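# Per-entry structural report
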Amino acid sequence: MRLVGLTGGIASGKSTVSNLFKDAGVPVVDADVVARNVVQKGTGGWKKIVKAFGDEILLDNGEIDRARLGQIVFSDPSKRQILNRLLALHISSGIFWEIAKLWMKGCKVIVLDIPLLFETKMDRWTNPVIVVWVNPETQIERLMSRDGCSEEQAHNRINSQLALDWKKSEADIVIDNSGSLDDTKQQFQEVLRKVSEPLTWKERLRSRDGLISVVMCTAVGVLLAQKNLL
Ligand SMILES: CC(C)(COP(=O)(O)OP(=O)(O)OC[C@H]1O[C@@H](n2cnc3c(N)ncnc32)[C@H](O)[C@@H]1O)[C@@H](O)C(=O)NCCC(=O)NCCS
Ligand SMILES: Nc1ncnc2c1ncn2[C@@H]1O[C@H](COP(=O)(O)OP(=O)(O)OP(=O)(O)O)[C@@H](O)[C@H]1O
């Protein structure tokens, strides 16, 4: 099994690229979706957040007011650290579970769309790592227009992550999403080709079919050895 890391900066275009993977039939685990699921009303993550941040961050229906919580944590690094610490285990086990389900289905290439891939050191488990890069001016523009936030709020959100240029320097593959969607789609074709290259031996062994083959071969080997000994 090949675990492909897909990361970048906020609003750099990760979801745009992960949608291209989905359209091409490659399964994607979206860490933002996992992070949303683990804080749904009544879950362990929800209880921890309410305990730490108080009832003020709840909507009338009892769900977390994400806009309010975002305002708090993106303007105060210590509060963000608290939130990150509270949710880290819930999110990583959620991601692990999603991978396990795809593994059991026999998927051989899985894309992990994780905004904080480097920050949480999950890049250790992925190869290759794709970084969706965008130039700073475009990133601010797209973030402000998508989320309807001020320039200051946009800067706060960008500064709450490791620098995008540093992530670019650590990447195995870089997609420059500063241009048009067509430009990105063109770069994506080459990325898809690389990601779909035949699995290495190690990756094959990690896949469901590889493991089944190893177990079968071991069982046959043991049976033959026993037969020869008798
Ligand atoms: C702060 C919250 C409530 C804001 O919710 P909101 O719906 O407005 O944003 P959403 O979840 O869609 O995230 C949008 C983007 O913000 C960035 N982001 C989210 N959380 C963080 C964080 N803790 N630190 C830095 N950037 C973050 C990511 O680039 C993400 O793609 C929410 O992002 C959250 O609960 N974050 C903590 C969980 C987490 O770490 N998520 C990232 C998964 S790796
Ligand atoms: N090449 C492009 N041309 C024009 N607009 C784009 C392009 N790529 C992405 N966008 C727009 O920029 C915004 C951010 O893109 P996207 O949501 O894919 O980023 P993201 O990295 O997934 O964001 P987040 O970190 O918040 O999850 C969206 O509104 C998207 O429609």
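Look above for the structure.
Before going into details, it helps to say that this report is about the structure given with it.

The rules behind the values
Residues numbered from 1 in each chain as written. Chains lettered and ligands numbered in written order. Predicted model: local features only at pLDDT ≥ 70, side-chain atom pairs only at ≥ 80, totals over all residues. Heavy atoms only, no water. Buried < 20%, exposed > 50% of the residue type's maximum accessible area, 1.4 Å probe, protein only. Helix = DSSP H or I, 4+ residues; strand = E, 2+ residues; numbered from the N terminus. Arc of directions from axis to C-beta. Contact = heavy atoms within 4.5 Å. Near = heavy atom within 4 Å. Polar contact = N/O pair within 3.5 Å; in protein donor to acceptor, adjacent residues only side chain to side chain. Nonpolar A, V, L, I, M, F, W, Y, C, P; charged D, E, K, R; others polar. Salt bridge = Lys/Arg side-chain N within 4 Å of Asp/Glu carboxyl O. 1 Å grid on protein atoms, 1.4 Å probe; cavity = no way out; pocket = protein on both sides within 12 Å on 5 of 7 lines; lining within 4 Å. Points joined across faces, edges and corners; volume = space filled by probe spheres on them. Areas by Shrake-Rupley, 256 points an atom, 1.4 Å probe, with all protein chains shown as cover.

### Some thoughts on helix H1 (residues 14–23)
Along H1, the positions that sit buried rather than exposed are Lys14, Val17, Ser18, Leu20 and Phe21. Along H1, the residues classed as buried sweep out an arc of 150 degrees about the axis, all on the same side. Along its buried surface, H1 packs onto strand E1 (2–8), strand E2 (28–30), strand E3 (109–113), strand E4 (129–133), strand E5 (173–176) and helix H9 (181–195).

### Here's the deal with the site of ligand 2
Taken together, 16 residues surround ligand 2, and among them Lys14, Ser15, Thr16, Arg146 and Asn177 come closest. Interatomic distance of 3.2 Å between a backbone N/O atom of Ser12 and an oxygen atom of ligand 2. Here an oxygen atom of ligand 2 sits 2.7 Å away from a polar atom, N or O, in the side chain of Lys14. When residues of the shell around ligand 2 are traced back to their parent elements, those giving at least two are H1, helix H6 (136–147) and H9. It is H1 that contributes the most residues to the shell around ligand 2, three residues altogether. Here the residues of the shell around ligand 2 sort into three nonpolar, nine polar and four charged.

### Side note on the pattern of salt bridges
Using the criterion set out here, one finds nine salt bridges in the structure. With a shortest N-O distance of 3.2 Å, Asp209 and Lys108 are connected by a salt bridge. Of the two residues, Asp209 is situated in helix H11 (residues 208–229) and Lys108 in the loop between helix H5 (77–105) and E3; the sequence distance between them amounts to 101 residues. The partly exposed category is assigned to Asp209, whose relative accessible area is 32%. Across the salt bridge formed by Arg146 and Asp147, the nearest N and O atoms sit 2.8 Å from each other.

### Remarks on the layout of surface pockets
Volume-wise, the second largest pocket comes out at about 230 Å³. Lining of the second largest pocket is provided by Met1, Leu3, Ser92, Ile95, Phe96, Ile99, Leu112, Ile114, Leu117, Met122, Trp125 and Thr126. At four residues, the largest contribution of residues to the lining of the second largest pocket is made by H5. Split into classes, the residues belonging to the lining of the second largest pocket amount to ten nonpolar, two polar and no charged.

### Describing the site of ligand 1
Taken together, the neighbourhood of ligand 1 is formed by 20 residues, with Asp32, Arg36, Arg66, Asn84 and Gln161 sitting nearest. The contact in question runs from an oxygen atom of ligand 1 to an N or O atom on the side chain of Arg36, over 3.1 Å. Side-chain polar atom of Gln161 to an oxygen atom of ligand 1: 2.8 Å apart, as the coordinates give it. In isolation ligand 1 exposes 780 Å². Once the protein is present, 89% of that is buried. Elements supplying a minimum of two residues to the shell around ligand 1: helix H2 (31–37), helix H4 (66–74) and H5.

Honestly, that's just the spatial picture; any functional story needs more than this.
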